[in-house]
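One-letter residues, chain by chain:
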Amino acid sequence: MTLLFRWLGHFPFLKTVTGTGVLAALTLMLAACGGNSSDYGSEFSCAARHDWPSDGLSVDNARHVDANQFISVDQLKQWHRELDALGLRDTGGPAEDAYIRTLAGRLDCAGVRDVVLEPVTFPRWSTTDWRLTLNGEPLRVASYIPYSGSTPEHGVTAPTVHVDITQPVDPSTVAGRIVLFDVPNITVPTRFFLDNAMHVWDPLSSFSPDELYSRPYLAIDAVTRTLDALGDTEAVGAIGILQMPYETAHGSYFPYDGIIRRVPAVYVDRDLGEQLKGLSNGTELTLHLPASVADTATHNVVAMIPGASDEITVIHSHTDGTNGLEDNGPDAIIGIAQYLARLPQSALPRTVMVMFSSGHFAGGVGIEGFLRQHADDGLLDRIKSIITVEHLGAQRWEPDGNGILQPTGLDELACFFAPRIQSLADAAYHAAEAADAGPVIISAPLNPDADASKHEAVWPGEGQYFYSHNKMSDANYITGPNYLLNWGVDTVGKTDFQRVHSLMVAFTRMVLDLSKVPAEDLTSLSETIEPMAP
């Protein structure tokens, strides 16, 4: 309950909302702290923490991290299952809001007492209705394209035209039309990642530099450029044709840069796409995608575990996402926090900040808001290193001959992105080694001079905003399986929870190790990184 009153005191605007709004907020928070009336988090009573270990830990437990003193594999799996059941947690939406408050409650239950929800306001684009009809008959739509625009409530009815997005869009061709375009399959060799590698952990030699890497999200740039180009025309709608069957295309959610575009658009699978491209000239479709845009407050969760100094090491992930894997980083961080909070304060060389940022699926507005809010209060100067963890335990599923995803029995390739700082690169390698984490490339930034704007990423992960905007030393562990950006899919069966547990333990060790590295050694960029000793 201490968390509840801190939270209320932190938000004076709650005094101005309706009694119903306050009651809803209280219900969610009470559920996270032990109530029983919410659909989310009601089981997380601090008096019923399942089999969480609760004994105090010693200084020796900081020197030698004990894997038996963490929340269980079964607990991680249960949380992941619940996250899958929530479905899409778009930034600032009700599902993400409930999850944020559940995570804050779990931190409180884990013994982390300084838990604050920091508001960030942004323009939220949302819809609950997306449809295509042909001659009054509904067509099977894979998903809407987020931030793509809006139709009137009754939709727009217009003839279609297919365009080749490798060529400039002719405004006269698309005016007054619903534009069909093929979303390309983008493939790069794995060597693309190895070219920036500082270290590689792959004891089983499970991937080849010449192996081809193809994922749906590699087409994000093609989609955004197409929608931006159509925005300068009088096109009335767009349909992106994904090169995959409906079973694989369903729930596709990209781009997620938060840029609200003019032309409303949806995705369809390849079979329906071919049908639509075969329509006779002048045949009309009706597209329904009524969307709203409203200034909305989402929240970052920020918590402190006091250490022996005021300097800070951060462990971080994000709260919005498409499914249980995207993102299960907060689940592991609850376990990390529950371990660290039981150590003597003197055993933590630095204070540990736990951060769950919102806004990953709105162009990074959560971290950008955090950096603005703390630009002048000294907090950012105290942060010496950050560990961002995303999509843990992902298993590699690849499309079969029909395009249906099938298990390969292999771990998904992971990257640990970090600036060229020897101590960060070494700590990332040791974490991968300790977790026996499958293939991991410890990579320098792919685009180190980027500003992490809506169109320019430093690397593909939430931690990039810390580095690009403030040059803060962030090591960002991330995987990117084929199913990452699909809502409505089961990812429990695509996740190795023993691996998630091992990573949780290894990242705890990494927090403690980086907390002992002198601050000056966490900022010094190196042209070359010394290889790990064999």
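Our subject is the structure that appears above.
Criteria and cut-off values
- Residues numbered from 1 in each chain as written.
- Predicted model: local features only at pLDDT ≥ 70, side-chain atom pairs only at ≥ 80, totals over all residues.
- Heavy atoms only, no water.
- Helix = DSSP H or I, 4+ residues; strand = E, 2+ residues; numbered from the N terminus.
- Buried < 20%, exposed > 50% of the residue type's maximum accessible area, 1.4 Å probe, protein only.
- Contact = heavy atoms within 4.5 Å.
- Areas by Shrake-Rupley, 256 points an atom, 1.4 Å probe, with all protein chains shown as cover.
- Polar contact = N/O pair within 3.5 Å; in protein donor to acceptor, adjacent residues only side chain to side chain.
- Pairing = 2+ DSSP bridges.
- Salt bridge = Lys/Arg side-chain N within 4 Å of Asp/Glu carboxyl O.
- Expected span 1.5 Å × (residues − 1).
- Arc of directions from axis to C-beta.
- Axes fitted to C-alpha atoms, helices over the stretch in contact; angles between N-to-C directions.
- Right-handed = clockwise from strand over helix to strand, strands pointing away.
- Phe/Tyr/Trp six-rings, centres within 6.5 Å; stacked < 30°, edge-to-face > 60°.

Caption draft 1: Spatial organisation of the overall build of the protein chain. When its secondary structure is counted, the protein chain shows 16 helices and 21 strands. Among the 534 residues that make up the protein chain, the fraction classed as buried is 58%. In the protein chain, once contacts between residues fewer than 6 apart in sequence are set aside, the share between residues at least 24 apart is 82%. Of the roughly 20,600 Å² of accessible surface on the protein chain, 51% is carried by carbon and sulfur atoms.

Caption draft 2: Seen up close, the environment of Tyr213. Turning to its location among the elements, Tyr213 is positioned in strand S9 (residues 212-214). Distance from Tyr213 to Val188, taken between C-alpha atoms, is 5.2 Å for residues 25 residues apart in sequence. The residues contacting Tyr213, other than those within four sequence positions of it, are Ile186, Thr187, Val188, Thr190, Phe193, Leu218, Glu412, Leu413 and Gly480. Within the local environment of Tyr213, its side chain forms a polar contact with the side chain of Tyr217, the two groups lying 2.8 Å apart.

Caption draft 3: Structural view of the pairing of strand S6 (residues 178-182). Across the five residues that make up S6, a large majority, four, are buried. Two elements, strand S5 (residues 156-163) and S6, share four bridges in a ladder whose sense is parallel. Bridged to Thr160 within S6 is Ile178. In the sheet, S6 pairs with strand S10 (residues 237-241) via five bridges, with the strands oriented parallel. Pairing of Asp182 across the sheet is with Ile241, part of S10.

Caption draft 4: Quick look at the pattern of salt bridges. Summed over the entire model, instances satisfying the criterion amount to 22 salt bridges. Notably, a salt bridge pairs Glu398 with Arg215, separated by 3.5 Å at the nearest N-O pair. On the criterion of sequence distance, the pair formed by Glu398 in strand S17 (residues 395-399) and Arg215 in the loop between S9 and helix H8 (220-231) is long-range, its members being 183 residues apart. Where Lys277 meets Glu274, a salt bridge forms, and the shortest distance between an N and an O atom there is 2.9 Å. Of this pair, Lys277 and Glu274 both sit in helix H10 (residues 270-277), separated by three residues, roughly a single helical turn. Judged by its relative accessible area of 29%, Lys277 falls in the partly exposed class. Take Glu274: its relative accessible area is 48%, and that puts it in the partly exposed class. Connected through shared salt-bridge partners, Glu211, Arg215, Arg396, Glu398 and Glu412 make up one network.

Caption draft 5: Structural context of H8. Between the first and last C-alpha of H8 there are 16 Å, a value that for 12 residues agrees with the 16 Å anticipated at 1.5 Å per step. For H8, the elements touching its buried residues are helix H6 (171-174), S6, S10 and strand S11 (265-268).

Caption draft 6: Main features of H10. Looking only at H10, the buried set comprises Leu272, Gly273 and Leu276. End-on view of H10: buried residues confined to an arc of 105 degrees, all on one side of the axis. In this structure, the buried residues of H10 make contact with strand S3 (137-139), S5, S6, S10, S11 and strand S12 (284-288).

Caption draft 7: Just the sheet that holds S11, in detail. Pairing within the open sheet is mixed, and its eight strands lie in the order S3-S2-S12-S5-S6-S10-S11-S4. Every interior strand has two partners, whereas the edge strands, S3 and strand S4 (143-144), have only one. Across four bridges, the pairing between S5 and S12 is antiparallel. If you follow Pro159 over to S12, its bridge partner there is Glu284. Where H10 meets the sheet, its contacts fall on strand S2 (131-134), S3, S5, S6, S10, S11 and S12, and the angle it forms with S10 comes to roughly 130 degrees.

Caption draft 8: Expanded view of the environment of Ala67. Residue position: Ala67 is located in the loop between helix H3 (59-63) and helix H4 (73-86). Remark: the alpha-carbon pair of Ala67 and Ser502, spanning 435 residues in sequence, is separated by 7.9 Å. With residues near it in sequence (within four places) discarded, Ala67 still touches His501 and Val505.

Caption draft 9: Just the sheet that holds strand S8 (residues 197-201), in detail. If you trace the nine strands from one edge of the open sheet to the other, you get S1-S13-S15-S14-S16-S21-S19-S20-S8, paired in mixed fashion. Sheet topology places strand S1 (114-127) and S8 at the edges, where each strand pairs with a single neighbour. Taking the axes of each pair of neighbouring strands and ignoring which way they run, one obtains an average angle of 15 degrees across the sheet. Relative to strand S15 (residues 351-357), strand S13 (residues 291-305) is paired through five bridges, and the arrangement is antiparallel. Note that in S15 the partner of Ala303 across the bridge is Val354. With respect to the sheet, helix H11 (residues 329-340) is in contact with S13, strand S14 (312-318), S15 and strand S16 (383-389), its orientation differing from that of S14 by roughly 150 degrees. Contacting S14, S15, S16, strand S19 (414-417) and strand S21 (474-479), helix H16 (residues 497-514) runs over the sheet at an angle of about 170 degrees to S16.

Caption draft 10: Here's a closer look at the pairing of S19. Burial of S19 is two-sided: the residues Ala414 and Phe416 facing one way and the residues Cys415 and Phe417 facing the other way are all buried. In this sheet, strand S20 (residues 440-443) lies alongside S19 in parallel orientation, the contact comprising four bridges. In the strand pairing of S20, Ala414 is matched with Val440. Where the polypeptide runs from S19 across helix H14 (residues 422-435) and back to S20, its parallel neighbour, the crossover connection is right-handed. Pairing geometry for S19 and S21, over four bridges, is antiparallel. Looking at S21, one finds that Ala414 is bridged to Thr479.

Caption draft 11: Representation of unusual backbone geometry within the structure. A cis geometry characterises the amide bond from Phe254 onward to Pro255, with omega recorded as 0 degrees. Along the chain, Pro255 turns up in the loop between helix H9 (246-249) and S11. Cis rather than trans, the peptide bond between Glu326 and Asp327 has omega equal to 15 degrees. When you line up the elements, Asp327 lands in the loop between S14 and H11. One non-glycine residue, Asn135, lies in positive phi territory at about 55 degrees.

Caption draft 12: Representation of the packing of aromatic side chains in the model. The full count for this structure, using the stated rule, is 19 aromatic pairs. Ring centres of Trp125 and Tyr147 lie 6.2 Å apart, and the angle between their planes is 45 degrees; this geometry places the pair in the tilted category. Highlighted residues: Trp125 in strand S1 and Tyr147 in the loop between S4 and S5, separated in sequence by 22 residues. Residue Trp125 is classed as buried on the basis of its relative accessible area, which comes to 5%. Ring geometry for Phe416 versus Tyr477: centroids 5.4 Å apart, planes at 75 degrees, classification edge-to-face. In this pair, Phe416 is assigned in strand S19 and Tyr477 in strand S21, connecting sequence segments 61 residues apart. For the pair Phe416 and Tyr477, a shared accessibility class is recorded, and that class is buried.

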